[in-house]
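Structural description and commentary
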Amino acid sequence: METIGILEGRRRQIYEKKSQTESFDITCDTKSLSGSVSQRACVFCGSRVVLYPVADALHLVHGPIGCAAYTWDIRGAVSSGPELHRLSFSTDLKEMDVIYGGEKKLYKSLIELIDQYNPKAAFIYSTCIIGLIGDDIDAVCKKVSQEKGIPVLPVHSEGFKGTKKDGYKAACLALMKIVGTGSTEGISKYSINILGEFNLAGEAWIIKDYYNQMGIEVVSTMTGDGRVDDIRRSHGASLNVVQCSGSMTKLAQMMKERYGIPFIRVSYFGIEDMSQALYDVAKHFNDKPEIMEAAKKLVSSEVMELYPKLQKFRKALSGRRAAIYVGGAFKAFSLIKALRYLEMDVVLAGSQTGNKDDYLGLKEMCDEGTVIVDDSNPVELSKFVLEKEADLIIGGVKERPIAYKLGIGFCDHNHERKIPLAGFIGMYNFAKEVYESVTSPVWQFMPRKGGLK
Ligand code: SF4
């Protein structure tokens, strides 16, 4: 079999660790190389995935129908109540709208939708075409907000104007417009907001329950199972706990500047990081030692229950090889720790939106021979999986077909999963899914491709 090459313009975004001491300079935080068919989504999609789980808000995509269809129900994002977020509305712009402008159509759509669905707020997403024709969506949103008495929030997410990360920023700016507009009466001193937890398969409920057991009040989860009224009063919390740092650090920084709320970065994935996330919050509230006591008790009882259940998976997976390709690089740190716990080797660690510090951290953590890659594409991912003889890819919807076509296991760690991977129960689910996929009998009918020399 031929060796797969790499595009010349991509070389500086790929690094193979040779030793701990060698110099490390990876290029990242740049636009995708033309022709490389990046796995990244557009700016609009970045905003959409962050705001989508706000379940009692109206989400209107201002643009041609394709943008809305492309992101329809893009995240599981389960809700314990309203499910307005699962409807995908679009102004469905056509040629005449492009010529004469889409503002009237946007106004009419908003009035009609607000009257029909009575949402708590509305997010209006700008797509590429809006950036080109120059509709003044701020003016329309302001007018509708005054007429209907709810926040109508423009999201400046024109698809072409940067990377997916710019979409995260646009989403944070939109959220920040409603933070601080509600009453903080009755909020406990021992309270947090959870930022960057999207409740894809009920994870936010698991995490909230842990914190509640410790005596901590969760004021708002942004944005999983999100409610507009909770976001409005979230400035009353004492601490912001940021899980998906790539998407939500911006909001945490803005809340720190405006309201003085400190923030910490955590991960809810894997035994080590999950425990640390509880301990870190307990440490913040060190004037009440009962919180730390409760955290220790919780961790000890959960780990005691989990540990024996993981041994079967560990035994079967020991020495197997995993390739990780995720959206934000911070997630990869927790995945590496969890895979190590299962005695698996990580041969590839990559992300769509990592920064220099993230990749430096990955380099420190990874074993020699591991490939670190920024903003990869299907051909490159296939190349590394084949060359490193990976048994598993951990990624999202766009990586799934790569794994199956190459005849190896896959674990969805992104939008489409239906089982929670956060918390202690999440570690069990993760180990079980990896085990079932890697050792599945189906691979005898779809033999693995590999053996590149
Ligand atoms: S790139 Fe532009 S046209 Fe394509 S989905 Fe994103 S916003 Fe829509």
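Source: prediction; values computed, not measured. (Residues numbered from 1 in each chain as written. Predicted model: local features only at pLDDT ≥ 70, side-chain atom pairs only at ≥ 80, totals over all residues. Heavy atoms only, no water.)

**Re the sheet that holds strand 13 (residues 392-395)**
Selection rule: At least two DSSP bridges between two strands are required for those strands to pair. Only runs of H or I of at least four residues qualify as helices and only runs of E of at least two qualify as strands under DSSP, and these elements are numbered from the N terminus. Whenever a helix is involved, its axis is fitted only over the stretch in contact; in every case the axis is a line through C-alpha atoms, and angles between N-to-C directions fall within 0 to 180 degrees. Working rule for contacts: check all heavy atoms of both residues, and any pair within 4.5 Å makes them a contact.
Spatial ordering of the open sheet is given by 1-12-11-10-13-14, a layout of 6 strands whose pairing is mixed. With partners counted over all chains shown, the strands left at the sheet margins are strand 1 (14-16) and strand 14 (409-412), one partner each. Averaged over neighbouring strand pairs, the angle between their axes works out to 15 degrees when direction is ignored. In this structure, strand 1 lies alongside strand 12 (residues 371-374), joined through 3 bridges in antiparallel fashion. From the neighbouring strand, Glu 16 faces strand 12, where its bridge partner is Val 371. This element, helix 17 (residues 423-438), spans strand 13 and strand 14 of the sheet and lies at about 155 degrees to strand 14.

**Quick word on unusual backbone geometry**
Generally, phi is negative for residues other than glycine and the peptide bonds are trans, each holding for most cases. Cut-off, in case you're wondering: Burial here depends on accessible area, computed with a 1.4 Å probe over protein chains only, as a share of the maximum for the residue type. Under 20% is buried, over 50% is exposed, and the range in between is partly exposed.
Cis geometry marks the peptide bond from Met 222 to Thr 223, where omega comes out at 10 degrees. Relative to the helices and strands, Thr 223 resides in strand 7 (residues 217-223). We note that Asp 92 has phi near 50 degrees; this positive angle belongs to a residue other than glycine. Relative to the helices and strands, Asp 92 resides in the loop between strand 3 (89-90) and helix 3 (95-100). The exposure class of Asp 92 is partly exposed, given its relative accessible area of 24%. Unusually for a residue other than glycine, Glu 389 sits at a positive phi of about 55 degrees. Here Glu 389 is to be found in the loop between helix 15 (378-387) and strand 13. Judged by its relative accessible area of 39%, Glu 389 is partly exposed.

**Side note on the side chain of Arg 40**
Rules: Here a polar contact is recorded for every N or O atom pair within 3.5 Å, except that within protein the pair must consist of a potential hydrogen donor and a potential acceptor, and residues adjacent in sequence are included only if both atoms are side-chain atoms.
As for its position among the elements, Arg 40 is in the loop between strand 1 and helix 1 (43-51). Of the residues examined, Arg 40 reaches a relative accessible area of 13% and is grouped as buried. Among the polar contacts made by the side chain of Arg 40, one reaches the main-chain carbonyl oxygen of Thr 30 at a distance of 2.9 Å. A distance of 3.2 Å separates a polar atom in the side chain of Arg 40 from a polar atom in the side chain of Ser 32.

**Considering the site of the ligand**
Convention followed: Residue proximity to a molecule or strand is established when one non-hydrogen atom of the residue lies within 4 Å of it. In this count, Pro and Cys sit with the nonpolar residues alongside Ala, Val, Leu, Ile, Met, Phe, Trp and Tyr, while Asp, Glu, Lys and Arg are called charged and the others, Gly among them, polar.
The local shell around the ligand consists of Cys 42, Phe 44, Cys 67, Tyr 70, Thr 127, Cys 128 and Gly 159. Grouping the constituent residues of the shell around the ligand by class yields 5 nonpolar, 2 polar and no charged.

**Thoughts on the environment of Pro 151**
The residue Pro 151 is located in the loop between helix 6 (137-148) and strand 5 (152-155) in this model. Residue classification places Pro 151 among the buried positions, given a relative accessible area of 14%. Residues contacting Pro 151, with those up to four places away along its chain left out, are Lys 120, Ala 121, Ala 122, Ser 145, Ile 178 and Arg 232.

**What about the packing of aromatic side chains?**
The cut-off we apply is this: Pairing of aromatic rings covers Phe, Tyr and Trp, the last counted by its six-membered ring, and requires centre-to-centre distances within 6.5 Å; plane angles under 30 degrees mean stacked, over 60 mean edge-to-face, and any other angle means tilted. Look at NZ for Lys and CZ for Arg. If either is within 6 Å of the ring centre and within 35 degrees of the ring normal, a charge sits over the ring.
This model, assessed by the stated rule, comprises 12 aromatic pairs. Taking 6.2 Å as the distance between ring centres and 40 degrees as the angle between the ring planes, the aromatic pair formed by Tyr 404 and Trp 443 counts as tilted. Taken together, the positions of Tyr 404 in helix 16 (residues 400-406) and Trp 443 in the segment after helix 17 put the pair 39 residues apart, joining distant regions of the chain. The exposure class of Trp 443 is buried, given its relative accessible area of 17%. Among the aromatic residues, those joined into a ring-pair cluster are Phe 313, Tyr 428 and Tyr 435. Arg 48 extends its terminal NZ or CZ atom over the ring of Tyr 125, reaching a point 5.3 Å from the ring centre. Over the ring of Phe 330 we find Arg 265, and its NZ or CZ is 4.1 Å from the ring centre.

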